[in-house]
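Structural features, examined
Next come the chains, spelled out residue by residue.
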Amino acid sequence: MPELSPLAPSLPPTELMQLATGFWSFKTYAGAIEIGLFDLLADGRALTVEEVSAELEIAHRPADLLLAGCASLGLLDKSGARYRNSVLAEEFLVEGRPYYFGGFVRYLDSREYPAWQHIVEALRTNRPTTWTPGTQDSLFDTEDPETLQLFWDCMFSVSVLTARTLAGIYDFTRHTRLLDVGGGAGAFPIELCRRFDHLSATVFELPHVCDLARTKVTEALLNGRVNAVAGDFNRDPVLPGGYDVIILSMILHDWDEESGRALLRKCRATLPANGAVLICELLLNDERTGPPAAALMGMNMLVETEGGKNYSAAEYSRWLLDAGFARVEVLPVEAVGANGVVVGHVS
């Protein structure tokens, strides 16, 4: 048996290959959404390569490759010569479904994917690449309606699924009025008020985002139970009062520690004796070695923000206690937008 060269690797670099080609999976997935494949196959429709080619008006070769690619990713099932949506795709990737996830994918594809091509610039300059500090106040400051719609559709996709999971692990029966600070288009209030009939809620957001929230609330038939109040949680000296639970979902990771601590002090100042604040985030472990979803979201904050990063449960716990909260608990959760909920109790 021939001896191995001393230069031969002891292990095959299979994992490195998977890392290097990760974008193939994403772009296949994003391309299928953009071209309308999952909408075409909605409601159990099963088509051959030839039929997909004709209906999407693309040649046979790309249709064949796209269908094979999506099937390999678990997004399509095949029976005989016909492809249909998998259960996952049918529930989450058909536009118009209650938990449609395509908004998130389309935002990543059109805005973040190009920005990540400049990751070395972000590393060297410590500046975001999706917007321009100095000419904009933040990534949320844009007059481009298409960009705004994409962003808030993206956030709604993630938030509504996270809210659905949160409803199953936190006891909202102890509260009656919820304030969602930086709540976007209202995914958390809408989902939680659907689940808990006794609950009413308010989205606290920038004025132009409140309009989007009101539209979503109307579509959900929740006018009267969910409303939107305009404001700026960073600049306003106080938060709206009269609420006994506050949600901060994927908010604190957008800002530096000083800004995050300041916001938690505002939360503490407005909450009553039985109140609580819920920080829903992808939490790093204390060693800052993972999990990947949290660590890589932190890298995304480098691309998207001036000072944001992902923090650990221990860090948030210290901030809450320093802000005057009496007790902190950490609830593990498996959701698209959070792996944990750090709860600060007033008493």
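Residues numbered from 1 in each chain as written. Predicted model: local features only at pLDDT ≥ 70, side-chain atom pairs only at ≥ 80, totals over all residues. Heavy atoms only, no water.

1. What about the packing of aromatic side chains?
The line we're drawing: In this scheme Phe, Tyr and Trp rings, the latter by its six-membered ring, pair at centre separations within 6.5 Å, and the angle between planes marks the pair as stacked below 30 degrees, edge-to-face above 60, and tilted otherwise.
Per the stated rule, a full pass over the model turns up nine aromatic pairs. Here a set of aromatic residues connected by ring pairs shows up, and it is made of Y170, F172 and F196.

2. Regarding the pairing of strand β5 (residues 226-230)
Applied cut-off: At least two bridges found by DSSP between two strands is the condition for calling them paired. Helix numbers and strand numbers start at the N terminus; a helix is a DSSP run of H or I with at least 4 residues, a strand a run of E with at least 2. Seen with its strands pointing away from the viewer, a crossover is right-handed if its path from the first strand over the helix to the second goes clockwise.
Inspection of the sheet shows strand β4 (residues 200-205) paired to β5 by five bridges, in the parallel sense. Along β5, the bridge assignment pairs A201 with V226. For the handedness criterion, the β-α-β arrangement of β4, helix α11 (residues 207-219) and β5 is classed as right-handed.

3. Concerning the sheet that holds strand β3 (residues 177-181)
As a reminder of what qualifies: Note on geometry: axes are C-alpha line fits, over the in-contact stretch for helices, and angles between N-to-C directions span 0 to 180 degrees. For this analysis, residues touch if any pair of their heavy atoms sits within 4.5 Å.
Read across the sheet, seven strands follow the order β5-β4-β3-β6-β7-β9-β8 without closing on themselves; strand pairing throughout is mixed. Every interior strand has two partners, whereas the edge strands, β5 and β8 (327-332), have only one. Within the sheet, the average angular offset between the axes of one strand and its neighbour, ignoring direction, is 20 degrees. In this structure, β3 lies alongside β4, joined through five bridges in parallel fashion. Bridged to R177 within β4 is S200. Relative to β5, α11 is tilted by about 175 degrees, and along the sheet it contacts β4 and β5.

4. Digging into the nonpolar core
The tendency in soluble globular proteins is for nonpolar side chains to be buried as a group. Filter applied, for reference: Put simply, a nonpolar core is a bunch of buried Ala, Val, Leu, Ile, Met, Phe, Trp, Tyr and Cys residues held in one set by side-chain atoms that sit within 4.5 Å of each other. The buried label goes to any residue with under 20% of its type's maximum accessible area, the exposed label to any with over 50%, and the partly exposed label to all in between, with areas taken from a 1.4 Å probe on protein chains only.
Residues L37, F38, L166, F172, L192 and L278 are the most contacted members of the largest nonpolar core, which totals 76 residues. A total of 13 residues in this core trace back to one element, the largest contributor, which is helix α9 (residues 145-169). Not counting the four nearest positions on each side in its chain, L192 is found in contact with A163, A167, F172, L178, L199 and I247. Membership of the second largest hydrophobic core comes to 26 residues, among which are L239, Y243, L263 and L271.

5. Looking at the pairing of strand β1 (residues 76-79)
Bridging between β1 and strand β2 (residues 82-85) involves four bridges; their strand directions are antiparallel. Within β2, the residue paired with L76 across the bridge is N85. The antiparallel pairing of β1 with β2 creates a hairpin that spans two residues between the two strands, and G80 there sits at a positive phi of about 65 degrees.

6. Structural notes on a nonpolar patch on the surface
The criterion, for reference: Only residues whose relative accessible area exceeds 30% and that form no salt bridge enter a patch; like-charged residues are grouped when within 9 Å of one another, and nonpolar side chains (Val, Leu, Ile, Met, Phe, Trp, Tyr) when within 5 Å. For the accessible areas, the method is Shrake-Rupley and the probe is 1.4 Å, while residue cover comes only from the protein chains on display. For this document, the term salt bridge refers to a Lys or Arg side-chain nitrogen within 4 Å of an Asp or Glu carboxyl oxygen.
On the surface, M17, F23 and W24 cluster together into a nonpolar patch covering about 350 Å² of accessible area. Inspection of the secondary structure assignment puts M17 in helix α1 (residues 14-20).

7. Focus on helix α13 (residues 292-304)
Inclusion rule: To estimate the expected span of a helix, count its residues, drop one, and scale the result by 1.5 Å.
Taking 1.5 Å as the rise per residue, α13 with 13 residues should run 18 Å; its terminal C-alpha atoms sit 18 Å apart, in good agreement. Lining the buried residues of α13 we find α7 (102-116) and α8 (119-125).

8. With respect to the packing of α9 against helix α10 (residues 187-195)
To keep things clear, this is the line we draw: Here is the rule for handedness: rotate from the far helix to the near one, and if that takes an anticlockwise turn smaller than a right angle the crossing is left-handed, while a clockwise turn gives right-handed. Under the scheme applied, nonpolar residues are Ala, Val, Leu, Ile, Met, Phe, Trp, Tyr, Cys and Pro; charged residues are Asp, Glu, Lys and Arg; polar residues are all the others, including Gly.
Direction vectors running N to C along α9 and α10 enclose 35 degrees, while the axes themselves pass 8 Å from each other. Seen along the crossing, α9 lies across α10 with a hand that is right-handed. Contact residues: F156, S159, V160, T162, A163, R164, L166 and A167 in α9; A187, F188, I190, E191, L192 and R195 in α10. A breakdown of the residues in the contact of α9 with α10 according to their chemical character gives nine nonpolar, two polar and three charged.

Everything listed here is a matter of geometry and, on its own, says nothing about what the molecule does.
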